[in-house]
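Breakdown of the fold
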Amino acid sequence: MFCDACGAKMEAGQRFCPFCGRMLVVAAPAQPLPATAGAVPPPSGAAYLPPPRVASNIKLLGILWLIHAGLHLIPGLILFTVFAGAATVLPPDVPLFVHSILAFIGLALCAISAVGLVAGWGLLTWKNWARILTIVLGVLNLINFPFGTALGIYTLWVLLPAESEKEFQQHAAVMGGGTF
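What counts and what doesn't
- Residues numbered from 1 in each chain as written.
- Predicted model: local features only at pLDDT ≥ 70, side-chain atom pairs only at ≥ 80, totals over all residues.
- Heavy atoms only, no water.
- Axes fitted to C-alpha atoms, helices over the stretch in contact; angles between N-to-C directions.
- Helix = DSSP H or I, 4+ residues; strand = E, 2+ residues; numbered from the N terminus.
- Parallel < 35°, antiparallel > 145°, perpendicular 65-115°, else oblique.
- Left-handed = near helix turned anticlockwise from the far one by under 90°.
- Contact = heavy atoms within 4.5 Å.
- Nonpolar A, V, L, I, M, F, W, Y, C, P; charged D, E, K, R; others polar.
- Core = buried A, V, L, I, M, F, W, Y, C linked by side-chain atoms within 4.5 Å.
- Buried < 20%, exposed > 50% of the residue type's maximum accessible area, 1.4 Å probe, protein only.
- Expected span 1.5 Å × (residues − 1).
- Bend = angle between axes of the 7 residues up to and from the residue.
- Patch = residues over 30% accessible without salt bridge, like charges linked within 9 Å, V, L, I, M, F, W, Y side chains within 5 Å.
- Areas by Shrake-Rupley, 256 points an atom, 1.4 Å probe, with all protein chains shown as cover.
- Salt bridge = Lys/Arg side-chain N within 4 Å of Asp/Glu carboxyl O.

**Structural notes on the packing of helix α1 (residues 53-84) against helix α4 (residues 147-159)**
Running from amino to carboxyl end, α1 crosses α4 at an angle of 155°, the nearest separation of the two axes being 10 Å. In terms of orientation, α1 and α4 fall into the roughly antiparallel class. Both α1 and α4 take part in a crossing whose hand is left-handed. In this structure, α1 uses R53, V54, N57, I58, L60, L61, L64, W65 and H68 to contact α4, whose residues at the interface are G148, L151, Y154, T155, W157, V158 and L159. Residues of the contact of α1 with α4, tallied by class, amount to 11 nonpolar, 4 polar and 1 charged.

Structural data, given as structure tokens:
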């Protein structure tokens, strides 16, 4: 068997592709459509399986965290490099401690960005610790309106439910996402 998304070879009985995480869709025998309009009932004996929340959203979520962290890293690096040295960018009547405060803000933005980059990388490589780290960052980002709030809500929607924890652990085991 081969994955219909990435073409990777899959073993018999696998429900998810070990490379891209896509759920294997088993084709049911063709049945005639009912004459009435509305929802099509599942074939007899088949239960409806909703699409996996984590597997279908984890790649996008990881990429969004990398982008979000990268966008915070740019001003952090600028603030730190400009104000950490003895450069006199500000007017001479500004107190000297303002340079230290701006350099500290730049350093804090760089540190926060580094944690976001680690979280995004961890999600993309299915590391077990990445789910918890990203949930914590998502909660903290809820106050960062508007983009941080949207990313925080999306993060919590994907990763917070108990079913998502089980699915993430299953995928992490298949994808080889160990402790680090």
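**Overview of the nonpolar core**
Counting residues in each nonpolar core, the largest one holds 17 residues, and the members touching the most others are I58, L61, W65, L123, W126, L159 and F168. Counting residues per element, the ones that place at least two in this core are α1, α2 (97-124), α3 (128-141), α4 and α5 (162-175). The element contributing the most residues to this core is α4, with 5 residues. Among all residues touching I58, those that are not within four sequence positions of it are L123, L124, W126, L159 and F168.

**Some remarks on the environment of L60**
Along the chain, L60 turns up in helix α1. Residue classification places L60 among the partly exposed residues on the basis of a relative accessible area of 46%. It is 9.6 Å that separates the C-alpha atoms of L60 and L123, two residues lying 63 residues apart in sequence.

**Considerations on α1**
With 32 residues, α1 ought to run about 46 Å at 1.5 Å a step, and its terminal C-alpha atoms sit 44 Å apart, in line with that. Along α1, the helix axis deviates most sharply at K59, where the bend reaches about 35°. Buried-residue contacts for α1 involve α2, α3, α4 and α5.

**A closer look at a nonpolar patch on the surface**
Together, L60, I63, L64, I67, L71, I74, I78 and L124 line one region of the surface with nonpolar side chains, adding up to about 690 Å² of accessible area. Broken down by element, the residue count for the nonpolar patch peaks at 7 residues, all from α1. Structurally, I78 can be placed in helix α1.

**Some points on α2**
The end-to-end C-alpha separation of α2 is 41 Å, in line with the 40 Å expected for 28 residues at 1.5 Å each. For α2, every residue scored as buried is listed here: H99, A103, G106, C110, S113, G116, A119, G120, G122 and L123. For α2, the secondary structure elements touched by its buried residues are α1, α3, α4 and α5. Trailing α2 by a residue or two, W126 shows a phi angle of about 55°, which is positive.

**What about the side chain of H68?**
In this structure, H68 sits in helix α1. What makes H68 buried here is its relative accessible area of 13%. Each residue touching H68, except ones within four places of it in the same chain, is listed here: N141, N144, G148 and L151.

**Description of unusual backbone geometry**
Here F145 and P146 are connected by a cis peptide whose omega angle stands at 0°. In this structure, W126 is a non-glycine residue whose phi angle is positive, near 55°. Look at W126 and you get buried, because its relative accessible area is 5%.

**Thoughts on the environment of A130**
By the element assignment, A130 lies in helix α3. Residues A130 and F168, spaced 38 residues apart in sequence, show a C-alpha to C-alpha distance of 10.0 Å. The residues touching A130, leaving out its near neighbours within four places in the chain, are A119, G122 and L123.

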